[in-house]
Amino acid sequence: MKLQALIAPSRAWLQSIKIPPPTPRNLWLLLAAAVATQNLAVFQSSQNEHTTVFAALIWGGALICMEDQLEDLEPDPHAIGLLLGVPLLIWTIFRNSIILHWDGMIFLLPILSGIALTLLCHPLYLFGQFRDSLLCLMMLPAYNLITKVLPEYQFSVITAHVSGFWLGILGFDNIVKNRTVMMPTGGVEVLPACNGIDTIAQVICIAIIFQLAFPLRSRLSRLAIFLSAPLIGLASNTIRIAILALCVANGNGKGSGWFKFFHDDFGSLTFSALSVFVLGMLFMRLLERELPPMAAQAKHD
């Protein structure tokens, strides 16, 4: 009797759960969710936190871009779509499963998975319905390309000089020589991993996703966003480097708690989040300027 009394609430809870019926729409959504989850799990196990969070934002952006199509989604692939999509999806799932460390293919697999899922959902003549979502997924290989193409040394020098500029504004004496920021009691050298190219690339890609998901009509507004994105990324990272220089100058060098926080993945992630927040605030302000006033909109309706 006691055992039945313990099991009864669990049984009632399980019975209350309504499992969606296995319709083509629900099965396709389940497959898409499984593919995205596997890819993000591979990012989490093989890349740093910075890149993993960025990949999650990319998949989230792809979902937002197709959100208005989910309610009426009715997968109806043609034979050629199945013939191309099934082996491509199987290959991407297998290729994801063998990634154990840094592998450039991990940035291409999301867009290939997205193409396969589109082929399994729409006939070829409707392939463009998921265009914006596929463009979002292309931001991952674009991010990888940007970080490889931009000149590392020049960005390190620029980062060092802008960091010295922030310190000078705050009244701290400093000397910048090439990629090194020196203060009277210590300093930092801006190495390739800290020059902010990855942050700048991520903010640019996020700006593109914002534009895909919530398009700005004004060319001037779009220009303002795409010019501001790299500047916001640069400012965020150089402020972090300036803080690191202050930590070292005050005796909190490598190994100390403050230095680890601002230098390692979590601190870098915090400043990346700050960059996205500032970009989002600017984007929303420009978007609000393009929306009609509430009173006028209500009168029009």
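It should be noted that the structure appears before, not after, this text.
Below is a short write-up of the structure.

Calculation notes
- Residues numbered from 1 in each chain as written.
- Predicted model: local features only at pLDDT ≥ 70, side-chain atom pairs only at ≥ 80, totals over all residues.
- Heavy atoms only, no water.
- Helix = DSSP H or I, 4+ residues; strand = E, 2+ residues; numbered from the N terminus.
- Expected span 1.5 Å × (residues − 1).
- Bend = angle between axes of the 7 residues up to and from the residue.
- Polar contact = N/O pair within 3.5 Å; in protein donor to acceptor, adjacent residues only side chain to side chain.
- Core = buried A, V, L, I, M, F, W, Y, C linked by side-chain atoms within 4.5 Å.
- Buried < 20%, exposed > 50% of the residue type's maximum accessible area, 1.4 Å probe, protein only.
- Contact = heavy atoms within 4.5 Å.
- Patch = residues over 30% accessible without salt bridge, like charges linked within 9 Å, V, L, I, M, F, W, Y side chains within 5 Å.
- Areas by Shrake-Rupley, 256 points an atom, 1.4 Å probe, with all protein chains shown as cover.
- Salt bridge = Lys/Arg side-chain N within 4 Å of Asp/Glu carboxyl O.
- Lys, Arg positive; Asp, Glu negative; His and termini not counted.
- Charge placed at Lys NZ, Arg CZ, Asp CG, Glu CD.
- Pairing = 2+ DSSP bridges.
- Axes fitted to C-alpha atoms, helices over the stretch in contact; angles between N-to-C directions.

The end-to-end C-alpha distance of helix α11 (residues 219-249) is 45 Å, a good match for the 45 Å that 31 residues give at a rise of 1.5 Å each. Of all the bends found along α11, the most pronounced is centred on Ser-228 and spans about 30 degrees, while Pro-230, a proline, follows it within four residues. Put simply, Ser-218 is the residue that caps the front of α11, since its side-chain oxygen is 3.2 Å from the backbone nitrogen of Leu-220. Gly-251 sits one or two positions beyond α11 and adopts a positive phi of about 85 degrees.

Within soluble globular proteins, side chains that are nonpolar tend to cluster in buried spots. Counting residues in hydrophobic clusters, the biggest one holds 49 residues, and the most contacted among them are Trp-28, Phe-54, Ile-58, Leu-140, Ile-225 and Leu-279. Those elements giving two or more residues to this core turn out to be α2 (24-46), α3 (49-65), α6 (109-119), α7 (131-137), α8 (139-149), α10 (197-213), α11 and α13 (265-290). In terms of residues, this core owes the most to one element, α10, which gives 8 residues. The residues contacting Ile-58, other than those within four sequence positions of it, are Cys-136, Leu-137, Met-139, Leu-140 and Ile-209. Among the nonpolar cores identified, the runner-up in size contains 18 residues, and Val-181, Val-188, Cys-194 and Phe-271 belong to it.

The subject of this paragraph is a negative patch on the surface. On the surface, Glu-71, Asp-72, Glu-74 and Asp-76 cluster together into a negatively charged patch. Structurally, Glu-74 is set in the loop between α4 (67-70) and α5 (79-97). The class of Glu-74 is exposed, set by a relative accessible area of 55%.

What follows concerns the sheet that holds strand β3 (residues 186-189). Sheet architecture is open: 3 strands sit in the order β1-β2-β3, paired in antiparallel fashion. Two strands lie at the open edges of the sheet, namely β1 (175-177) and β3, each paired on one side alone. Adjacent strand axes in the sheet meet at a mean angle of 15 degrees, parallel and antiparallel pairs treated alike. Here β1 runs beside strand β2 (residues 180-183); their pairing, made up of 3 bridges, is antiparallel.

It is worth stressing that arrangement in space is one thing and function is another; only the former is reported here.
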